[in-house]
Amino acid sequence: MTVQECYAEMGADYDGVFGRLRKDERIQKFLLMLLKDPSYDLLCTSMEAGNAEEAFRAAHTIKGVGQNLSLTPLYESASRLSDFLRNRSDITDEARSEFETLKAESKKTADCIRRLEMQA
C-alpha cells in the first residue's frame, strides 16, 4: 500500500498533505507518529469520566492533527465534537453521538496507517 492509496482508503486529502509536506516519506513519518499520540486515549477516558473540559482539549488536539495531515473525515468529526464540548461543563447527547463517529473514524485511520507501516 502506498501513502496515496492509504489516503484514498481513509477518504483523506492526499494532494493537500503532499502540497505541504512534499514527500511520501515525510507524510508517512507523521502518520506513524499519530499512532503514538496520547490524545485519542485521553479523549476516550475523559468522555467516559464525563470530563467535558479535558475531552474538549483532546478533541481539539485531534482536530489540529487531522487538519495538518489532511485527514479530512477525522478532522471534520473532531471539529464537530470540539464544537459540542466547547465551554461546556457537561457532555451532551450530541457530543456522545459525535464521539461515536470520531471513534469509528479513528479506528479506520489507525487501521490503515498500521497496514501502511507493515508494508514499509
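Residues numbered from 1 in each chain as written. Predicted model: local features only at pLDDT ≥ 70, side-chain atom pairs only at ≥ 80, totals over all residues. Heavy atoms only, no water.

As for the side chain of S70
Here is the rule: Each helix corresponds to a stretch of at least 4 residues labelled H or I by DSSP, and each strand to a stretch of at least 2 residues labelled E; elements are numbered beginning at the N terminus. Only protein chains enter the area calculation, which uses a 1.4 Å probe; residues under 20% of their type maximum are buried, those over 50% are exposed, and those in between are partly exposed. In this description, contact between two residues means that some pair of their heavy atoms is separated by no more than 4.5 Å.
Locating S70 in the fold gives a position in the loop between helix 5 (52-68) and helix 6 (72-85). What makes S70 buried here is its relative accessible area of 8%. Not counting residues up to four positions away in its chain, the partners in contact with S70 are Y7, A12, D13, G16, V17 and R20.

Observations regarding the nonpolar core
Stated formally: Residues belong to a common nonpolar core when they are buried Ala, Val, Leu, Ile, Met, Phe, Trp, Tyr or Cys residues joined through side-chain atoms within 4.5 Å.
Among the nonpolar cores identified, the biggest contains 31 residues, and Y7, I27, L31, L43, L71, L81 and L85 are the most heavily contacted of them. Looking at this core, the elements that each hand over two or more residues are helix 1 (3-10), helix 2 (14-21), helix 3 (24-36), helix 4 (39-49), helix 5, helix 6 and helix 7 (93-118).

What about the layout of surface pockets?
The cut-off we apply is this: Here the term cavity refers to a set of points on a 1 Å grid, laid over the protein atoms alone, in which a 1.4 Å probe fits but cannot get out; the term pocket refers to an open set having protein on both sides within 12 Å along at least five of seven lines, with lining residues being those that place an atom within 4 Å of a point. Grid points are joined across faces, edges and corners, and a volume is the space filled by probe spheres set on the points. In this classification, the charged set is Asp, Glu, Lys and Arg, the nonpolar set is Ala, Val, Leu, Ile, Met, Phe, Trp, Tyr, Cys and Pro, and all remaining amino acids, among them Gly, are polar.
Its boundaries defined by the atoms lining it, the largest pocket holds a volume of some 320 Å³. Lining the largest pocket are 17 residues, and of these L34, L35, D37, Y40 and S106 sit closest to its centre. Residue assignment for the lining of the largest pocket shows that the elements contributing at least two residues are helix 3, helix 4, helix 5 and helix 7. No other element matches the six residues that helix 7 contributes to the lining of the largest pocket. By residue class, the composition of the lining of the largest pocket is eight nonpolar, four polar and five charged.

Concerning the packing of aromatic side chains
Two numbers describe a pair of aromatic rings. These are the distance of the centres and the angle of the planes. Filter applied, for reference: The aromatic pairing rule takes the rings of Phe, Tyr and Trp, using the six-membered ring of Trp, and pairs them if the centres are within 6.5 Å, calling planes under 30 degrees apart stacked, those over 60 edge-to-face and the rest tilted. Remark: a charge is flagged as sitting over a ring if the NZ atom of Lys or the CZ atom of Arg is within 6 Å of the ring centre and within 35 degrees of the ring normal.
All told, the structure shown has two aromatic pairs when counted by the stated rule. Taken together, a centroid distance of 6.1 Å and an interplanar angle of 70 degrees make the contact between Y7 and Y14 edge-to-face. In terms of burial, Y7 and Y14 fall into one category: buried. Through a chain of ring-to-ring contacts, the aromatic side chains of Y7, Y14 and F18 assemble into a single cluster. Its end group placed over the ring of F30, K29 keeps NZ or CZ at 5.7 Å from the ring centre.

Overview of the packing of helix 2 against helix 3
For the record, the criterion: Axis lines are fitted to C-alpha atoms, over the contacting stretch for helices. Their N-to-C directions set the angle, which ranges from 0 to 180 degrees. For classification purposes, an angle smaller than 35 degrees is called roughly parallel, one larger than 145 roughly antiparallel, one from 65 to 115 roughly perpendicular, and anything else oblique.
Close contact between helix 2 and helix 3 brings their axes to 9 Å; oriented N to C, the two are set at 105 degrees. Relative to helix 3, helix 2 is oriented roughly perpendicular. In this structure, helix 2 contributes Y14, V17, F18 and L21 to the contact, and helix 3 contributes D24, R26, I27 and F30. Its residues assigned to classes, the contact of helix 2 with helix 3 shows six nonpolar, no polar and two charged.

Re the packing of helix 6 against helix 7
Quick reminder of the rule: Handedness of a helix crossing follows the sense of rotation of the near helix relative to the far helix, less than a right angle counterclockwise being left-handed and clockwise being right-handed.
It is the contact of helix 6 with helix 7, at a shortest axis distance of 9 Å, that shows an interaxial angle of 155 degrees. As far as their axial angle goes, helix 7 and helix 6 are roughly antiparallel. Read as a crossing pair, helix 6 and helix 7 show a hand that is left-handed. Between helix 6 and helix 7, the residues in contact are P73, L74, S77, A78, R80, L81, F84 and L85 and E94, A95, E98, F99, T101, L102, E105, S106 and T109, respectively.

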